[in-house]
Amino acid sequence: MAVPRTSRSIESRSRTGEEIRKAFLGFFAERDHKVIPSASLVPEDPTVLLTIAGMLPFKPVFLGQQERPAARATSSQKCIRTNDIENVGLTARHHTFFEMLGNFSFGDYFKEEAIQWAWELSTEVFGIDPKHLVVSVFREDDEAAQIWREVVGVHPQRIVRMDEEDNFWASGPTGPCGPCSEMYFDFMPELGNESIDLNDDKRFIEFYNLVFMQYNRDIAGKLTPLANCNIDTGMGLERMAQILQGVSNNYETDLIYPLLEKAASLADIDYQSVDKKKQTSLKVIGDHSRAITQLIADGVIASNLGRGYILRRLVRRVIRHGHLIGIKKPFLVELGEAAIKLMQSAFPELLERRQFILQELQREEDRFLETLDRGEKLLSRVLLSKPKEISGEEAFELYDTYGFPLELTQEIAQENGLKVDEEGFHLAMERQRERAKAASSTIDLTDQSAIDQMASDQEPTSFCGYQVLERKSIIQALIVNGEKSSLGIAGDKLQLVLDVTPFYGEGGGQIGDCGLLLKDLSDVDGARVVIKSVSRINDVFVHHGYLERGKLQVGDIVNVVVDRSSRRRAQAHHTATHLLQSALKQLVDPAIAQAGSLVDFDRLRFDFHCSKTVIPDALDQVERLVNDWIAEAHILQVREMSIDDAKAAGAVAMFGEKYSDQVRVVDIPGVSMELCGGTHVTNTAEIGVFKIISETGIAAGIRRIEAVAGSATLDYLNERDLIVKQLAERFKAQPLEIVERVAGLQNDLKSIEKLLEETRQELALSKAEALMTQVKSVGSRQLLVQRLDGIDGPALQSAAQSLLDQLGPNTAVVLGGLPDLSDKTKVILVAAFGPEIISCGLQAGKFIGGIAKLCGGGGGGRPNLAQAGGRNAKTLNDALSSAKEELTSALS
């Protein structure tokens, strides 16, 4: 590979990216740093979707939540950031995927060692001439400035003080924080030391950041010195490669340039020769191909949620930019192969997961290519109308129908000097969500506006259902038969709000409770309300049911009774869902993430991101592990805490779910810890038993497991037992003999079907024989066009071929008919042409396809034998007449 070089160079020997990485890690390993392998791009930290910084894997250590792996550590951490994705390819050094080299001290060495080693590494190991170096310090950090000036010997004018925005790091509003010091490479040292502006990207590039964690900031903003100070540093590998390899941008280093060359070869162009726009597309492809390869290797599956959406967006940008530079065929697999080859020495897991990576790339490319052309045509039509902006509805249609991420539409619009109505897009999406929600709702939509209004007038409902299942409550509001009212009578359909309720309102995947409301049943006006379900609208619990007897009015005090059996079933299924997710993560793939769930009284459903079928053996192991945990009788620990404390404790949150500042954590010690507001058993033994019913794929990269637990398992088994008994009785067999008996019947059926097909063929041939007298001569050739009903497609083809064989190579045979005389919507047409007919320029496939259109259909096949179909039997005779006329004319 010939990396393009510029005339600008430095006095150091050019090093490959791999050599830079090894030199950095080796330098600090020699100084007693433990080399830590790169963590996954899917972080353990639930507050972020992806690993966005080299220090992220060490964040719990810096916050005192985890034991340090060593007093000193060093790593080359793979990272992904997409917050400024629009700059990728346009600037010299913006990337989505990058490697961050870092050295860390956990209460060991501090500023002087960190600064001296950074200088030594840069000047002695990497050979950078000091005249090319400038450093920055926090405006108040006199200690760091003094070390740079007096210990290292940097010229005072090349030490630049900067404000808090640039040179002060904090983990959050409170907690560990401290000043930073950064090293910059000066591409133009000849301009001198006067008026140095480190924001001048053409002259300076920041390549090494040293963070000195020396304070703790409290809620009032007061800084208190830490007892143990820490060091966190980061050197961008791609930036150092640009510097040491003397190229004009990061993309032309050996870390990325081979991918630009690969993409260029696929488009049959040369990177150095094409215009700036195509160079930008090549850079986007090169950058994103590294990102998507690494994301898939770490278990991310393309989807419309969370990190899966980020992957899908990157993949689709690659495909589109491939189209822009002229790649006319699927190319992601070839590009993925090149990316794996380029990075496998540093990340051997890429080679181990090669097949999975390439399969996922091909699957996602196939999915997008199905709609890309149509979407681009639609967008082109919109652009041709020269609008002031692309409307939100148009952008949403591209997203919803053609799979264009909003950002992709915005990018194309920006290329054409337009904007996208982003607010209109989100409104259109919200309307779509409301439509989907309404379509799946069990609530009568004619009632919904009244229910929404009722809920908006109420204070949030106090929920006491974690502690009790029965209590006194007051009726706060009523909807009777779809209208707001203060009184309901027997037979009325009701929606009502209570001041306090033990009924669980549907949420977090768990359906609402059912039960009764009772009011003084001994009185003639006593009431009994059957509650069928409970929903939530902005923390107001709406109880849906009907008044079975008596009267009920606003202000009444009622006894609220949750159905205990149903609640127990829901609790068993909800806790079993937590166990199931943990078992899948442990036995199938640690990267599995929840995509949705349903906790019902009679079953549970768990949807999760996974690109492959979970094989039966793995399902058996998962089921067995869940039942082992149930039998171990784990006592659940349920606590309320701040969201930050919950995340710090390692609680699993569902991506895309919004949580309040205070959250409820359901902990099954040693097994599972999740943020969850649902109801659960107190001990796993209460579940009793767990049984997986099915595992299926429901969307690209999303699998679904349905299961039963607790007493619902008995219902499931009783139902299956009844089926087995009925089958045994019908087949006059023992239960264990049923499978064998069914297999025997299937074999008998196959034999009968084969015999029936042979009979059909014989019937077709017999009917065909009778048509021999209808052959028409056209010059030296023969033509037979006839209707033949009651014959299916394969038999009709056999008949046409048999007639052709008998009549000779100078014959054209066309047969048409209704395979089922009672079905006037299915027509079959067959054409068989001999070699002499084909030599006249006629082809059976093209000819019969045109005739079929007269019957509202189409089809085709080989030049000598083809079949087509239609949907209109009324035009069959006309179609056959047309076939006879066209062939007669063509053969005359």
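Bear in mind that the values here come from a model prediction, so they are computed numbers and not experimental data.

What counts and what doesn't
Residues numbered from 1 in each chain as written. Predicted model: local features only at pLDDT ≥ 70, side-chain atom pairs only at ≥ 80, totals over all residues. Heavy atoms only, no water. Helix = DSSP H or I, 4+ residues; strand = E, 2+ residues; numbered from the N terminus. Buried < 20%, exposed > 50% of the residue type's maximum accessible area, 1.4 Å probe, protein only. Areas by Shrake-Rupley, 256 points an atom, 1.4 Å probe, with all protein chains shown as cover. Contact = heavy atoms within 4.5 Å. Polar contact = N/O pair within 3.5 Å; in protein donor to acceptor, adjacent residues only side chain to side chain. Expected span 1.5 Å × (residues − 1). Pairing = 2+ DSSP bridges. Axes fitted to C-alpha atoms, helices over the stretch in contact; angles between N-to-C directions. Core = buried A, V, L, I, M, F, W, Y, C linked by side-chain atoms within 4.5 Å. Nonpolar A, V, L, I, M, F, W, Y, C, P; charged D, E, K, R; others polar. Salt bridge = Lys/Arg side-chain N within 4 Å of Asp/Glu carboxyl O. pLDDT = per-residue confidence, 0-100. Phe/Tyr/Trp six-rings, centres within 6.5 Å; stacked < 30°, edge-to-face > 60°. Lys NZ or Arg CZ within 6 Å of the ring centre and 35° of its normal.

### Looking at the overall build of the protein chain
Stage number 1. Broken down by element type, the protein chain carries 25 helices and 35 strands.
Stage number 2. With the principal axes as the frame, the protein chain shows a C-alpha extent of 110 × 95 × 60 Å.
Stage number 3. Counting only residues that meet the buried cut, the protein chain has 51% of its 892 residues in that class.
Stage number 4. When the accessible area of the protein chain is evaluated, it comes to approximately 41,500 Å², of which 49% is carbon and sulfur surface.

### A few points about the environment of arginine 158
Stage number 1. Topologically, arginine 158 is positioned in the loop between α4 (142-152) and β5 (159-162).
Stage number 2. A sequence separation of 26 residues divides arginine 158 from tyrosine 184, and the C-alpha atoms of the two residues are 9.9 Å apart.
Stage number 3. Residues contacting arginine 158, with those up to four places away along its chain left out, are Lys131, His132, Leu133, Val134, Val135, Asp186, Gly192, Asn193, Ile196 and Arg203.
Stage number 4. A polar side-chain atom of arginine 158 sits 3.0 Å from the main-chain carbonyl oxygen of lysine 131.

### Structural notes on unusual backbone geometry
Stage number 1. Positive phi outside glycine occurs at asparagine 481, with the angle close to 50°.
Stage number 2. Within the element layout of this structure, asparagine 481 appears in the loop between β13 (470-480) and β14 (483-485).

### Concerning helix α22 (residues 793-807)
Residues that lie three or four places apart on an α-helix share one face, since the helix turns once every 3.6 residues.
Stage number 1. If you check α22, its first and last C-alpha atoms are 21 Å apart, about what 15 residues at 1.5 Å a residue would give, namely 21 Å.
Stage number 2. Every buried residue of α22 is accounted for by Gly793, Ala795, Leu796, Ala799, Ala800, Ser802, Leu803, Leu804 and Leu807.
Stage number 3. Taking the backbone nitrogen of alanine 795 as reference, a side-chain oxygen 3.0 Å away marks aspartate 792 as the first, capping residue of α22.
Stage number 4. Looking one or two places after α22, you find glycine 808, whose phi comes out positive at around 110°.

### Thoughts on the sheet that holds strand β27 (residues 672-675)
To summarise the sheet geometry, strands pair through backbone hydrogen bonds and adopt either a parallel or an antiparallel arrangement.
Stage number 1. As summarised here, the arrangement of the three strands in space is β25-β26-β27, forming an open sheet in which the pairing is antiparallel. Because the sheet does not close on itself, it has two edges, and the strands there are β25 (637-642) and β27. Between one strand and the next, the sheet's axes are offset by a mean angle of 25°, whatever the strand orientation.

### As for the sheet that holds strand β32 (residues 811-817)
Stage number 1. Ordered in space as β30-β31-β32-β33-β35-β34, the six strands form an open sheet in which the pairing is mixed. Looking at strand neighbours, the two that pair on one side only are β30 (776-778) and β34 (858-861), the edges of this open sheet. Strand-to-strand, the axes of this sheet are offset by a mean angle of 15°, without reference to chain direction.
Stage number 2. Note that β30 and strand β31 (residues 781-787) share three bridges and pair antiparallel.

### Section: the nonpolar core
Stage number 1. Counting residues in hydrophobic clusters, the biggest one holds 110 residues, and the most contacted among them are Phe126, Trp148, Met183, Phe207, Tyr208, Met235 and Met240.
Stage number 2. Excluding residues within four positions of it along the chain, methionine 240 makes contact with Ile20, Phe126, Ile128, Phe207 and Met235.
Stage number 3. Ranked by size, the runner-up nonpolar core spans 31 residues in total, among them Leu604, Phe608, Val622 and Val626.

### A word on the pairing of strand β3 (residues 97-106)
Stage number 1. For β3, a buried count of ten out of ten residues is recorded, marking the element as mostly surrounded by other parts of the structure.
Stage number 2. Going residue by residue along β3, you find Phe97, Glu99, Leu101, Asn103 and Ser105 tucked away on one face and Phe98, Met100, Gly102, Phe104 and Phe106 tucked away on the opposite face as well.

### With respect to the packing of helix α9 (residues 306-324) against helix α14 (residues 406-415)
Stage number 1. α14 packs onto α9 with a crossing angle of 35° between their chain directions and a minimal axis gap of 9 Å. Touching Tyr309, Arg313, Arg316, Arg317, Arg320, His321 and Leu324 of α9 are Leu406, Glu407, Leu408, Glu411, Ile412 and Glu415, all from α14.
Stage number 2. Looking at side-chain class alone, the contact of α9 with α14 contains five nonpolar, one polar and seven charged residues.

### Points about the pattern of salt bridges
Stage number 1. Taken as a whole and assessed by the stated rule, the structure comprises 38 salt bridges.
Stage number 2. For lysine 22, the salt bridge goes to glutamate 18, with nearest N and O atoms at 3.4 Å. Pair noted here: lysine 22 and glutamate 18 are both in helix α1 (residues 17-29), with a separation of four residues, about one helical turn.
Stage number 3. The class for glutamate 18 is partly exposed, based on a relative accessible area of 31%.
Stage number 4. Salt bridges linked by common partners bring Lys78, Asp298, Glu349 and Arg353 together as one network.

### A closer look at the pairing of strand β23 (residues 594-599)
Stage number 1. Taken across its six residues, β23 has six buried, putting it largely inside the fold.
Stage number 2. Relative to strand β24 (residues 604-609), β23 is paired through five bridges, and the arrangement is antiparallel. When the bridges of β24 are listed, valine 599 appears paired with leucine 604.
Stage number 3. Hairpin connection from β23 to β24: four residues lie between these consecutive antiparallel strands.

### Some details on the confidence of the model for the protein chain
Stage number 1. Averaged over the protein chain, the pLDDT score is 87; the fraction of residues at 70 or greater is 94%.
Stage number 2. Between residues 5-12, whose pLDDT stays under 50, and residues either more than four places distant or in other chains, the model counts 26 contacts.
Stage number 3. Low pLDDT (under 50) marks residues 436-446, which in the prediction has six contacts with non-local residues, meaning those over four places away or in another chain.

### A short note on the packing of aromatic side chains
Stage number 1. As enumerated under the stated definition, the model contains 20 aromatic pairs in all.
Stage number 2. Measuring from centroid to centroid gives 5.8 Å for phenylalanine 606 and phenylalanine 608, while their planes differ by 20°, and the two rings are stacked. Neither residue differs from the other here; phenylalanine 606 and phenylalanine 608 are each classed as buried.
Stage number 3. By way of ring pairs, the aromatic residues Phe24, Phe27, Phe28, Tyr109, Trp117 and Tyr208 are connected into one cluster.
Stage number 4. Directly above the aromatic system of tyrosine 504 lies the positively charged group of arginine 536, at a separation of 4.8 Å from the ring centroid.

### Description of the side chain of serine 105
Stage number 1. Its place among the elements puts serine 105 in strand β3.
Stage number 2. Of note is the side chain of serine 105, whose polar atom sits 3.1 Å from the backbone nitrogen of aspartate 108.
Stage number 3. Separated by 2.9 Å, the side chain of serine 105 and the backbone oxygen of tyrosine 109 make a polar contact.
Stage number 4. In this structure serine 105 touches Phe62, Ala71, Asn230 and Ile231, once residues within four positions along its chain are discounted.

### Concerning the environment of valine 530
Stage number 1. Among the secondary structure elements, valine 530 is positioned in strand β19 (residues 527-537).
Stage number 2. Each C-alpha atom of the pair valine 530 and leucine 259 lies 66 Å from the other, and the pair is 271 residues apart in sequence.
Stage number 3. Ignoring sequence-local partners within four residues, the contact set of valine 530 consists of Gly515, Leu516, His544, Gly545, Tyr546 and Glu548.

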